[in-house]
Amino acid sequence: MRWNLRLAAANRGIWKASELQRMLAEHGLVVSAGKMSGLWSGEPASIKLSDLNIICVVLGCGVEELLIPEPDKVQRPAEEGADQAAATSSVSGSVSGGPAVTPKHRTGRSLPPP
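Fair warning: this is a prediction, and the values are worked out from it, not measured in the lab.

Visitor: Mind laying out the state of the cysteines, listing which residues take part and the relevant values?
Guide: Such a bond, covalent and formed between the sulfur atoms of two cysteines, is termed a disulfide. Going through the model one piece at a time under the given rule, you end up with zero disulfides. Among the cysteines around Cys-56, which has no disulfide bond, Cys-61 carries the closest sulfur, lying 4.4 Å off.

Visitor: Give a description of the environment of Ile-54 that names residues and reports values.
Guide: One can find Ile-54 in helix α4 (residues 49-59). What makes Ile-54 partly exposed here is its relative accessible area of 21%. It is 7.1 Å that separates the C-alpha atoms of Ile-54 and His-27, two residues lying 27 residues apart in sequence. Not counting the four nearest positions on each side in its chain, Ile-54 is found in contact with Leu-24, His-27 and Leu-29.

Visitor: Which residues make up the environment of Leu-5, and what values go with them?
Guide: Counting through the fold element by element, Leu-5 comes out in helix α1 (residues 5-10). C-alpha separation for the pair Leu-5 and Glu-65, spaced 60 residues apart in sequence, amounts to 8.1 Å. Leave out the neighbours within four places in its chain, and Leu-5 touches Leu-20, Leu-39, Trp-40, Ile-55, Leu-59 and Leu-66.

Visitor: Talk me through the pattern of salt bridges; I want residue IDs and the actual numbers.
Guide: Evaluation of the coordinates by the stated rule reveals five salt bridges. Here Glu-26 makes a salt bridge to Arg-22, at a shortest N to O gap of 2.7 Å. Residue Glu-26 and its partner Arg-22 are located together in helix α2 (residues 17-26), separated by four residues, close to a single helical turn. Glu-70 serves as the salt-bridge partner of Lys-73, at 3.6 Å between the closest nitrogen and oxygen.

Rules used in this analysis
- The residue numbers shown here count from 1 along each chain, following its written sequence.
- Local features in this predicted model are restricted to residues whose pLDDT is 70 or higher, and side-chain atom pairs enter the listing and the counts only when it is 80 or higher, whereas totals over whole chains, interfaces and linings include all residues.
- To get the side-chain values, all heavy atoms of the structure are used, and hydrogens and water are removed first.
- Put simply, a disulfide is two cysteine sulfurs that come within 2.5 Å.
- For helices the rule is a DSSP run of H or I covering at least 4 residues; for strands it is a run of E covering at least 2, with both sets numbered from the N terminus onward.
- We call a residue buried when its accessible area falls under 20% of the maximum for its residue type, exposed when it is over 50%, and partly exposed in between, using a 1.4 Å probe and counting protein chains only.
- The contact criterion used throughout is that any non-hydrogen atoms of two residues lie within 4.5 Å.
- Counted as salt bridges are all cases of a side-chain nitrogen of Lys or Arg within 4 Å of a carboxyl oxygen of Asp or Glu.

What follows is the structure, encoded as structure tokens:
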């Protein structure tokens, strides 16, 4: 997804992040300078749905104007035949004499005996 806040704001005559930050605060969304920088630059780390709702109200836009899908950037699954061949080769490789894999618990403790 592409974050499109800056263009959506510009389409409404809002040219500065500080101006939008003030408008958001008037609607109850107080955004830190660091988070506002991320929102404005186009690379927000995350955004709450409630914050997104306030941004849409302040700008008078819909979510579809702020979040632009980019389907060409999504990795497509490989063809099914190739996946099966890869899975078969990896299974046969470990059966042919490789060491047995013993699962371990995340805490580092060993598992109980079988």
